[in-house]
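Structural overview
Letter by letter, the chains look like this.
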Amino acid sequence: MSVIQLKEHQVDQKTAFRKWVGFPARSSVPPQGARGTIVSATGSGKTITAAACALECFPGGRFLVTVPTLDLLAQTAQAWRLVGHRAPMVAVCSLENDPVLGELGVRTTTNPIQLALWAGKGPVVVFATYASLVDREDPEDLTGQRKVRGPLEAALAGGERLYGQQMAGFDLAIVDEAHGTAGDLGRPWAAIHDNQRIPADFRLYLTATPRILAAARPQKGADGQEAELASMADDPDGTFGAWLPGAELGLSEAIEREILAGFEIDVLEIRDPSPVLGESEA
């Protein structure tokens, strides 16, 4: 169980998660995986909530946690350990000999073979930045024209390049700052939505600012073709699934409930463009 005492709103969100996955987690999921979104204000503890949900509902599970930055990756790994996760942890990133990750027992690699060896089967928490989803130059192609899948996807795919090694899929994939993956499904980061490329029984998207997209006219993707857009609308059949009932927490409500501190925005207006008499230009 969690070694962190969850706050009231986090308990409510965990209850909503339990109802969504079933408890214990249901084994029958659609081919594209079950998908849901928690919309909760910045600073309300979504990372802790998600880690607690995973620990309770998927004991001994395989987890993937994707984040946009290296700093957030290290912070997230800390949160998961604090919540009580004791499973092996691997980070798909370039942070070699990082003291924080080292102290947490998190091994790091960008090599798909090593990743498949370390996280091939059994309980594990794999942390990855969205950059790990970007295709890489093929080291065996001297012309530099061909590319190979990023390390996370390559480890999941296996094949000859990995000398028979292959990483199994996940019980639960958690996509933090999920609004960054909305939009053009042709972008590299959009691979996280594809259950053929990144297989997971359940996907939980976390965001404070959902991007609701409704293009007025067809948008062009990177290849010039009409782009398919992923919107974060509350849609059980959409890319991000439905917003979990009872889990939504807006900024104003969070302040009213004293979960977050109130704030004000002050704007300083300078009307005179010339420097003050006696002061330097600098």
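Residues numbered from 1 in each chain as written. Predicted model: local features only at pLDDT ≥ 70, side-chain atom pairs only at ≥ 80, totals over all residues. Heavy atoms only, no water.

Glancing now at the sheet that holds strand S3 (residues 89-92). In space, the eight strands of this open sheet follow the order S4-S3-S5-S2-S8-S10-S1-S12, with parallel pairing throughout. Because the sheet does not close on itself, it has two edges, and the strands there are strand S4 (106-109) and strand S12 (242-243). Here strand S1 (residues 34-39) pairs with strand S10 (residues 200-207) via six bridges, running parallel. From the neighbouring strand, Ile38 faces S10, where its bridge partner is Leu206. Strand contacts of helix H2 (residues 46-57): S1, strand S2 (62-67), strand S8 (170-175) and S10, with the helix running at about 160° to S10, the strand carrying the most contacts. (Pairing = 2+ DSSP bridges. Helix = DSSP H or I, 4+ residues; strand = E, 2+ residues; numbered from the N terminus. Contact = heavy atoms within 4.5 Å. Axes fitted to C-alpha atoms, helices over the stretch in contact; angles between N-to-C directions.)

As a further point, take a negative patch on the surface. A cluster of acidic residues, Asp234, Asp235, Asp237 and Glu248, forms a negative patch on the protein surface. Mapped onto the fold, Asp235 is located in the loop between strand S11 (229-230) and S12. (Patch = residues over 30% accessible without salt bridge, like charges linked within 9 Å, V, L, I, M, F, W, Y side chains within 5 Å. Areas by Shrake-Rupley, 256 points an atom, 1.4 Å probe, with all protein chains shown as cover. Salt bridge = Lys/Arg side-chain N within 4 Å of Asp/Glu carboxyl O. Lys, Arg positive; Asp, Glu negative; His and termini not counted. Charge placed at Lys NZ, Arg CZ, Asp CG, Glu CD.)

Let us now look at the packing of H2 against helix H3 (residues 70-83). Between H2 and H3, the shortest axis-to-axis distance is 9 Å and the interhelical angle comes to 45°. Taken together, H2 and H3 sit at an angle that is classed as oblique. The two elements H2 and H3 meet at a crossing, and its hand is right-handed. Touching Thr47, Ile48, Ala51, Ala52, Ala54 and Leu55 of H2 are Thr76, Ala79, Trp80 and Val83, all from H3. Its residues assigned to classes, the contact of H2 with H3 shows eight nonpolar, two polar and no charged. (Parallel < 35°, antiparallel > 145°, perpendicular 65-115°, else oblique. Left-handed = near helix turned anticlockwise from the far one by under 90°. Nonpolar A, V, L, I, M, F, W, Y, C, P; charged D, E, K, R; others polar.)

Before going further, it helps to examine the packing of aromatic side chains. Evaluated as defined, the whole model comprises nine aromatic pairs. Between Trp80 and Phe127, the ring centres sit 6.2 Å apart and the planes meet at 90°, which makes this aromatic pair edge-to-face. Residue Trp80 is found in helix H3, and its partner Phe127 is found in strand S5 (residues 124-129); the two are separated by 47 residues along the sequence. The same class applies to Trp80 as to Phe127, namely buried. Through a chain of ring-to-ring contacts, three or more aromatic side chains come together here, namely Phe17, Trp20, Phe58, Phe63, Trp80, Phe127 and Phe202. (Phe/Tyr/Trp six-rings, centres within 6.5 Å; stacked < 30°, edge-to-face > 60°. Buried < 20%, exposed > 50% of the residue type's maximum accessible area, 1.4 Å probe, protein only.)

A few words on the nonpolar core. Ranked by size, the top nonpolar core spans 41 residues in total, and within it Phe17, Trp80, Phe127, Leu172 and Leu204 carry the most contacts. Excluding anything up to four places from it in sequence, Phe17 contacts Cys53, Cys57, Phe58, Leu172, Leu204 and Leu244. Of all hydrophobic cores here, the second largest spans 28 residues; its members include Val90, Leu162, Ala178 and Ala200. (Core = buried A, V, L, I, M, F, W, Y, C linked by side-chain atoms within 4.5 Å.)

Applying the stated criterion across every chain yields a total of six salt bridges. The shortest N-O distance in the salt bridge between Lys14 and Glu56 comes to 2.9 Å. Taken together, the positions of Lys14 in helix H1 (residues 8-21) and Glu56 in helix H2 put the pair 42 residues apart, joining distant regions of the chain. Residue Lys14 shares its accessibility class with Glu56, and that shared class is buried. A salt bridge links Arg18 to Glu56; its shortest N-O distance comes to 2.5 Å. With Arg18 in helix H1 and Glu56 in helix H2, this residue pair connects regions lying 38 residues apart in the sequence. A cluster of three or more residues bridged by salt bridges with shared partners is formed by Asp135, Arg149, Glu153 and Arg197.

For H2, which comprises twelve residues, the first-to-last C-alpha distance of 16 Å matches the rise-based estimate of 16 Å (1.5 Å per residue) to within 8%. Buried residues dominate H2, accounting for ten of its twelve residues. Residues of H2 that are buried include every one of Lys46, Ile48, Thr49, Ala50, Ala51, Ala52, Cys53, Ala54, Glu56 and Cys57, and no others. The inward-facing, buried residues of H2 abut H1, S1, S2, H3, S8 and S10. (Expected span 1.5 Å × (residues − 1).)

Now for the pairing of S3. The alternating pattern of S3 places Met89 and Ala91 on one face and Val90 and Val92 on the opposite face, and all of these are buried. Pairing between S3 and S4: four bridges, direction parallel. The residue of S4 that forms the bridge with Met89 is Val106. In the classification by handedness, the crossover that spans S3, the intervening helix H4 (residues 99-104) and the parallel S4 is right-handed. Relative to S5, S3 runs parallel, the two sharing four bridges. Bridge pairing in S5 places Val92 opposite Ala128. (Right-handed = clockwise from strand over helix to strand, strands pointing away.)

Since there are 3.6 residues in each turn of an α-helix, residues three or four apart along the chain are aligned in direction. Compared with the 20 Å implied by 1.5 Å per residue over 14 residues, the 20 Å span of H3 between its first and last C-alpha is a close match. Within H3 the residues assigned to the buried category are Leu72, Leu73, Ala74, Thr76, Ala77, Ala79, Trp80, Arg81 and Val83. Its side-chain oxygen 3.1 Å from the backbone nitrogen of Leu72, Thr69 forms the N-cap of H3. With its phi angle positive at about 125°, Gly84 sits one or two positions after the end of H3. (Polar contact = N/O pair within 3.5 Å; in protein donor to acceptor, adjacent residues only side chain to side chain.)

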